[in-house]
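Observations on chain architecture
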Amino acid sequence: MSQDAVSDTAERAKFREMKEGTAQDWAIIGGEYMAFAKGLPDRVLDHLRLLDGDFGGFPVDRFEHSLQTATRAHRDGRDEQYVVMALLHDIGDTLGSYNHPEVAASIIKPFVSEEVHWICQNHGHFQGYYYFHFLGMDQNARDQFRDHPYFGACAEFCEKYDQAAFDPDYQSEPLEFFEPMVRRVMTRPLNSLYAKAAEAA
Ligand SMILES: [Fe+2]
Ligand SMILES: [Fe+2]
């Protein structure tokens, strides 16, 4: 039986408008939500794999770039939150062609520190230091954040790991190496509108 067939026979809420909802309806939805939320790491890992084979003119594809960024961060002694951010920092390339850092930052936001989230959210401006001038853009676009407390941390992420992760000869760890880290970091939301519901489950 397919996944769709299973969910077609599952119990469902009875309301046609949310304002008609009952505790029974929400017990059903709440149960489904928690099961679905537990699958988040798998969905994220599946989505990351979409970058496999996507070169976009770069020397390595976006999947290898992600693995290499994470591997470099890990080998440099960064903690799991940071390494997972490094792994996922370009996951938004598929759906956020014009704002990919924000897509990745939103996905990891419930699970990481403010600093790690900020690095992810703003890495586009900082990465531009290495190429914006070749495209008629402002190489120093990152300077708008010069006085921000995380300026140095974001500049360091791009310098040490992100801009450095295009080497076809580098021996990156495979995705399987990072999977347990992704699962651990995404086990429980630290900050989320729905954190209380997750805690109760
Ligand atoms: Fe990026
Ligand atoms: Fe990148």
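Our structure is the block above this text.
The structure contained in this document is the topic of the report that follows.

Each value, and the rule that gives it
Residues numbered from 1 in each chain as written. Chains lettered and ligands numbered in written order. Predicted model: local features only at pLDDT ≥ 70, side-chain atom pairs only at ≥ 80, totals over all residues. Heavy atoms only, no water. Donors = N, O, S within 2.8 Å, 3.2 Å for Na, K, Ca; no water. Helix = DSSP H or I, 4+ residues; strand = E, 2+ residues; numbered from the N terminus. Buried < 20%, exposed > 50% of the residue type's maximum accessible area, 1.4 Å probe, protein only. Axes fitted to C-alpha atoms, helices over the stretch in contact; angles between N-to-C directions. Parallel < 35°, antiparallel > 145°, perpendicular 65-115°, else oblique. Left-handed = near helix turned anticlockwise from the far one by under 90°. Contact = heavy atoms within 4.5 Å. Nonpolar A, V, L, I, M, F, W, Y, C, P; charged D, E, K, R; others polar. Lys, Arg positive; Asp, Glu negative; His and termini not counted. Salt bridge = Lys/Arg side-chain N within 4 Å of Asp/Glu carboxyl O. Tetrahedral: all angles 85-135°; square planar, octahedral: opposite > 155°, others 65-115°. Core = buried A, V, L, I, M, F, W, Y, C linked by side-chain atoms within 4.5 Å.

This paragraph deals with the coordination of the iron ion (ligand 1). Protein coordination of the iron ion (ligand 1) is provided by Asp90 (OD), His100 (NE2) and His123 (NE2), with donor distances spanning 2.0 to 2.2 Å. Positions of the donor residues of the iron ion (ligand 1), expressed as sequence spacing, correspond to D-x9-H-x22-H. Between the iron ion (ligand 1) and the iron ion (ligand 2) the interatomic distance amounts to 3.7 Å, and Asp90 serves as a bridging ligand to the pair. Of this pair, Asp90 sits in the loop between helix H5 (80–88) and helix H6 (100–108) while His100 sits in helix H6, and the two are 10 residues apart along the sequence. Just as Asp90 is buried, His100 falls in that class too.

Here we take up the packing of helix H4 (residues 62–75) against H5. Closest axis-to-axis distance for the H4/H5 pair is 7 Å, and the angle between their directions is 160 degrees. Classed by the angle they form, the pair H4 and H5 counts as roughly antiparallel. By crossing handedness, the relation of H4 to H5 is classed as right-handed. Contacts from Ser66, Leu67, Thr69, Ala70, Ala73 and His74 in H4 reach Tyr82, Val83, Ala86 and Leu87 in H5. For the contact of H4 with H5, the residue count by class is 7 nonpolar, 3 polar and no charged.

A few words on the packing of helix H3 (residues 40–49) against helix H9 (residues 175–185). The contact between H3 and H9 brings their axes to 10 Å, and the two run at 145 degrees. The handedness of the crossing between H3 and H9 comes out as right-handed. Where H3 abuts H9, its residues Pro41, Asp42, Leu45, Leu48 and Arg49 lie against Leu175, Glu179, Val182 and Arg183. Split by residue class, the contact of H3 with H9 holds 5 nonpolar, no polar and 4 charged.

Here the focus is the side chain of Arg142. For Arg142, the position within the fold is in the loop between helix H7 (114–127) and helix H8 (151–162). At 4.3 Å, Asp143 is the nearest oppositely charged side chain to Arg142, a buried residue that forms no salt bridge. Other than its neighbours up to four places away in sequence, Arg142 contacts His125, Phe126, Tyr129, Phe151 and Ala155.

Here we take up the coordination of the iron ion (ligand 2). Only His65 (NE2), His89 (NE2), Asp90 (OD) and Asp162 (OD) from the protein coordinate the iron ion (ligand 2), and they sit 2.2 Å from it. Note that the iron ion (ligand 2) binds 4 donor atoms; their angles at the metal cover 81 to 169 degrees, and the shape is irregular.

In total, this model carries 13 salt bridges according to the counting rule given. When the shortest N-O distance is used, the salt bridge between Asp54 and Arg62 registers 2.9 Å. What makes Asp54 partly exposed here is its relative accessible area of 24%. Among the ionic pairs, Asp93 bridges to Arg62, the shortest N-O distance being 3.1 Å. Of the two residues, Asp93 sits in the loop between H5 and H6 while Arg62 sits in helix H4, which places them 31 residues apart along the sequence. Overall, Asp93 belongs to the buried group, its relative accessible area being 17%. The class of Arg62 is partly exposed, set by a relative accessible area of 22%.

This part takes up the nonpolar core. With 41 residues, the main nonpolar core has Leu48, Tyr82, Met85, Leu87, Leu88, Phe126 and Phe157 as its most contacted residues. Residue assignment for this core shows that the elements contributing at least two residues are H3, H4, H5, H6, H7, H8 and H9. Apart from residues no more than four positions distant in its own chain, Leu87 is found in contact with Leu48, Ser66, Leu67, Ala70, Leu175, Phe178 and Val182.

By themselves these figures say nothing about function.
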